[in-house]
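Spelled out, the chains give:
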Amino acid sequence: MTVGLGGPTHGWRKLDDGSPAQQHRTYERVHYSQVHLGVQVSLTVYAPSREAADEACRAAFGRIAELEDVMSDYRPDSELNRLCAQAGGPPVEVSGDLFTVLHRAHDLAERSRGAFDATVGPYVQLWRQARRSGTLPRPEDWRAARALVGYRKMRLDAAARTVELDRPGMRLDLGGVGKGYALDEALKTLREHGLTRALASAGGDLAVGDPPPGRRGWRIRVWEAEGGGRRLVAANCGVSTSGDTEQFAEIDGRRYSHIIDPRSGLRYGEPILATVVAPNATASDGLATACVVLGERAGRELVEAAPGATLYLRRVGGG
Ligand code: ADP
Ligand code: MG
């Protein structure tokens, strides 16, 4: 059986793990799909019964919905946006989930020297407006945004579990790492329900659990520079793809990606697709986004320095 796992941003992704081998009749393969985090989220599990699969996947989708309430930048009442509303004030105590994901984002910001940066929100807002209107942001809006972006303006205190945002108007954006975190947590929930042979996917991100029965791993196809697809047999890891193929704005004949270089506020370099395999999907998601900003050379350096991570890079024509 072939299950298309492509979300709206990465329609090319396909997963084909065959049907369960005959000798593993005790497992049933079940596939579910719901919309969360603005994309189609899919869960594929091998379960002893349909009922067991239903129950575990209901809980896993519930966990994703919970995290959406925490991390969404579209929902004004998400915990993330409530935190941003207090920017410029004293440190704010946050939930364990929000702290964890901001901590991971901050760590990646340091390792990527600011190429990945969750404080990029004001630029993201400007570019969203630009996409809608088809005109570039005004210089004064640009300057205002620049003063609000920079991961050093966000301070985390692990002991107190607080986040302090230096300036009023700062906006955090977890779009580059949040889907991976939500998928990791969904797999964890499935595991707590006894289902370890599972795969969760959303848009360009996959969280991969134990292999299907009788197999070494889940077969996943990634694309590389040479043009051809390459098959990976993956288990217990994250696989994420970021890039410029679909989510871009074209203004004055130039393409602007939805991934922004937080250091300049811009992004219109050579279009690439970066696929990263890492020990979990939170890591792969963030690294893939960072690689698009950094480009091939610095991207490779970043991924090589990350334990257990591999980069597959593909140049995309045009731009
Ligand atoms: P997708 O959302 O297509 O899966 P990514 O995981 O690469 O792609 O995340 C892109 C999103 O991350 C953007 O839509 C934006 O919300 C946010 N973002 C953009 N640029 C950066 C950046 N330099 N660092 C961190 N997050 C970013
Ligand atoms: Mg990402």
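Remember, predicted model here, so these are calculated numbers, not experimental data.

Enquirer: Can you tell me about the site of ligand 1, naming the residues and giving the values?
Expert: Around ligand 1, a shell composed of 18 residues is seen, among which Ala115, Asp173, Ser242, Ile260 and Thr289 lie nearest. One of the backbone nitrogen or oxygen atoms of aspartate 117 is found 3.0 Å away from a nitrogen atom of ligand 1. A distance of 2.6 Å separates an oxygen atom of ligand 1 from a polar side-chain atom of threonine 289. Starting from 570 Å² of accessible surface for ligand 1 in isolation, the protein chains cover 94%. Ranked by residues supplied to the shell around ligand 1, first place goes to helix α7 (residues 281–305) with three residues. Here the residues of the shell around ligand 1 sort into seven nonpolar, seven polar and four charged.

Enquirer: Explain the pattern of salt bridges to me, using residue names and the numbers behind them.
Expert: Following the criterion strictly, the structure yields 16 salt bridges and no others. We note a salt bridge from aspartate 166 to arginine 155, for which the minimum N-O separation is 2.4 Å. Placement of aspartate 166 in the loop between β7 (162–165) and α6 (178–192) and of arginine 155 in strand β6 (residues 154–157) is noted, with a sequence separation of eleven residues between them. The partner of arginine 315 in a salt bridge is glutamate 296, with the nearest N and O atoms 2.3 Å apart. Taken together, the residues span a long stretch of sequence, with arginine 315 in strand β16 (residues 310–315) and glutamate 296 in helix α7 at a distance of 19 residues. Among the residues examined, arginine 315 registers a relative accessible area of 41% and is labelled partly exposed. Salt bridges here are not isolated pairs; linked through shared partners, they connect Arg63, Glu66, Asp97, Glu185 and Lys188.

Each value, and the rule that gives it
Residues numbered from 1 in each chain as written. Chains lettered and ligands numbered in written order. Predicted model: local features only at pLDDT ≥ 70, side-chain atom pairs only at ≥ 80, totals over all residues. Heavy atoms only, no water. Near = heavy atom within 4 Å. Polar contact = N/O pair within 3.5 Å; in protein donor to acceptor, adjacent residues only side chain to side chain. Areas by Shrake-Rupley, 256 points an atom, 1.4 Å probe, with all protein chains shown as cover. Helix = DSSP H or I, 4+ residues; strand = E, 2+ residues; numbered from the N terminus. Nonpolar A, V, L, I, M, F, W, Y, C, P; charged D, E, K, R; others polar. Salt bridge = Lys/Arg side-chain N within 4 Å of Asp/Glu carboxyl O. Buried < 20%, exposed > 50% of the residue type's maximum accessible area, 1.4 Å probe, protein only.

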